[in-house]
Amino acid sequence: MSLFWFVVGQLASTETMSTSKKVITRDEWERKLNDVKIRKEDMNKLVMNFLVTEGYVEAAEKFRMESGTEHIDLMTITDRMAVKKAVQSGNVEDAIEKVNDLNPEILDTNPQLFFHLQQQRLIELIRNGKVEEALEFAQEELAPRGEENQSFLEELERTVALLAFEDVSNCPVGDLLDISQRLKTASEVNAAILTSQSHEKDPKLPSLLKMLIWAQNQLDEKAAYPRINDLSTAVLEDPSI
C-alpha cells in the first residue's frame, strides 16, 4: 500500500517534465520509499480484510492471534464458505437452504441472485441428463420469473438451449456447463452474504495491486525506475536505461 502511494507521488512529480525520461536509481528509490510511513495497524486490517472476505478461516484466526487485530466471528465465515462450496460442487438446493438458514432476507430481497441460483439448479439437472425434470423445473420455477423480467427470460432461453444439443462441446451455449459458471454463481452468493453481514463484498488488497500496476504503467512513460514486475515476490528490479 505504501508503494502504491509512493509511485503515485512520483508520477505527480514528473508531470511537468520534458519528453526525456527521468532516471531514478535504486538507492534513491528505496530511500524515498522508506520515507513513506504506513501504520502497522492499517496493514494488519488490510490482510485481515482479505482473509475474511476470501474465507480463509484458520489463517484469519491465526493472524488475529498473532497481530492482535479485532475479534472476528469465525462461524459466519465457516457458514458462508459452506454455501460457496455447495454451489461449486453443484448442490444448489443445499446452498439455498444454507443461505435461508443464515438470513432469509438475502434471497427475498435479491430476485436476481435467486434467479441465478435457480438457473444453476436447471444447469445441474441438464448436466446430469434429467431432461424431463429439467423441462418441468424450467416451466414451473423459472418461466414465471422470465415473464416478469426480460433479462431473466433471455438467460432462461439460453440455458434451455442446452437441451437441443447432443454434443455440448459444439454447443454455442456450452460455457454454461463449465465449472466457471458454478464459480460465477458461487461468487455472486458469497458477495450477497458479505453485504448482508455489513462486510465489503470484494477484498481491498487485489484492488490496491491493480492500482499499483496502473500507477507503474503511467510512470513508465515518464521515468526509468526500480519497478515490481512480479507481484508474487514484490522484488524491485533495476531500471533499464
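Note that this is a predicted model, so its numbers are computed, not measured. (Residues numbered from 1 in each chain as written. Predicted model: local features only at pLDDT ≥ 70, side-chain atom pairs only at ≥ 80, totals over all residues. Heavy atoms only, no water.)

**Some details on the packing of aromatic side chains**
By the definition in use, this model includes three aromatic pairs. Between the aromatic rings of Phe50 and Tyr56, the centroid separation amounts to 6.2 Å while the plane-to-plane angle is 25 degrees, which identifies the pairing as stacked. Look at Phe50 and you get partly exposed, because its relative accessible area is 24%. Residues Phe115 and Phe152 carry aromatic rings whose centres are separated by 4.3 Å and whose planes lie at 5 degrees to one another, so their mutual orientation is stacked. Residue Phe115 is located in helix α8 (residues 111-127), and its partner Phe152 is located in helix α10 (residues 150-160); the two are separated by 37 residues in the primary sequence. (Phe/Tyr/Trp six-rings, centres within 6.5 Å; stacked < 30°, edge-to-face > 60°. Buried < 20%, exposed > 50% of the residue type's maximum accessible area, 1.4 Å probe, protein only. Helix = DSSP H or I, 4+ residues; strand = E, 2+ residues; numbered from the N terminus.)

**As for the confidence of the model for the protein chain**
Averaged over every residue, the pLDDT of the protein chain is 87; the share at 70 or more is 91%. Mean pLDDT in the protein chain bottoms out at helix α1 (residues 2-13), which sits at 58, and peaks at α8, which reaches 97. (pLDDT = per-residue confidence, 0-100.)

**A word on the packing of helix α6 (residues 92-102) against α8**
Where α6 contacts α8, the two axes come as close as 9 Å, and the packing angle between them is 160 degrees. The angle between the axes of α6 and α8 places the two elements in the roughly antiparallel class. Residues Val92, Glu93 and Ile96 of α6 touch α8, and the partners they reach there are Leu117, Gln118, Gln120, Arg121 and Glu124. Its residues assigned to classes, the contact of α6 with α8 shows three nonpolar, two polar and three charged. (Axes fitted to C-alpha atoms, helices over the stretch in contact; angles between N-to-C directions. Parallel < 35°, antiparallel > 145°, perpendicular 65-115°, else oblique. Contact = heavy atoms within 4.5 Å. Nonpolar A, V, L, I, M, F, W, Y, C, P; charged D, E, K, R; others polar.)

**Observations regarding α8**
In this model α8 runs 24 Å from its N-terminal to its C-terminal C-alpha over 17 residues, within 8% of the 24 Å that 1.5 Å per residue would give. Of all 17 residues in α8, 13 are buried, a share of seventy percent or more. Once α8 finishes, Gly129 follows within two positions and takes phi at roughly 75 degrees, a positive value. (Expected span 1.5 Å × (residues − 1).)

**Describing a nonpolar patch on the surface**
Together, Leu209, Ile213 and Leu231 line one region of the surface with nonpolar side chains, adding up to about 210 Å² of accessible area. Of note, Leu231 is situated in the loop between β3 (227-228) and β4 (236-237). On the basis of relative accessibility, which here comes to 37%, the residue Leu231 falls in the partly exposed class. (Patch = residues over 30% accessible without salt bridge, like charges linked within 9 Å, V, L, I, M, F, W, Y side chains within 5 Å. Areas by Shrake-Rupley, 256 points an atom, 1.4 Å probe, with all protein chains shown as cover. Salt bridge = Lys/Arg side-chain N within 4 Å of Asp/Glu carboxyl O.)

**Section: the environment of Leu125**
Here Leu125 is to be found in helix α8. Note on Leu125: relative accessible area 13%, which makes it buried. For Leu125 and Leu205, which are 80 residues apart along the polypeptide, the C-alpha to C-alpha distance reads 37 Å. Ignoring anything within four residues of it in the chain, the contact list for Leu125 reads Lys130, Glu133, Ala134 and Phe137.

**Thoughts on the side chain of Asn44**
Within the secondary structure layout, Asn44 lies in helix α3 (residues 40-54). Those residues in contact with Asn44 that sit more than four places away from it in its chain are Phe63, Ser67 and Thr69.

**As for the packing of α3 against helix α12 (residues 204-220)**
In the contact formed by α3 and α12, the axes pass within 8 Å of each other and the chain directions differ by 115 degrees. Packed against α3, whose contacting residues are Leu46, Asn49 and Phe50, the element α12 presents Lys204, Leu205, Pro206 and Leu208 at the interface. In terms of residue class, the contact of α3 with α12 is built from five nonpolar, one polar and one charged.

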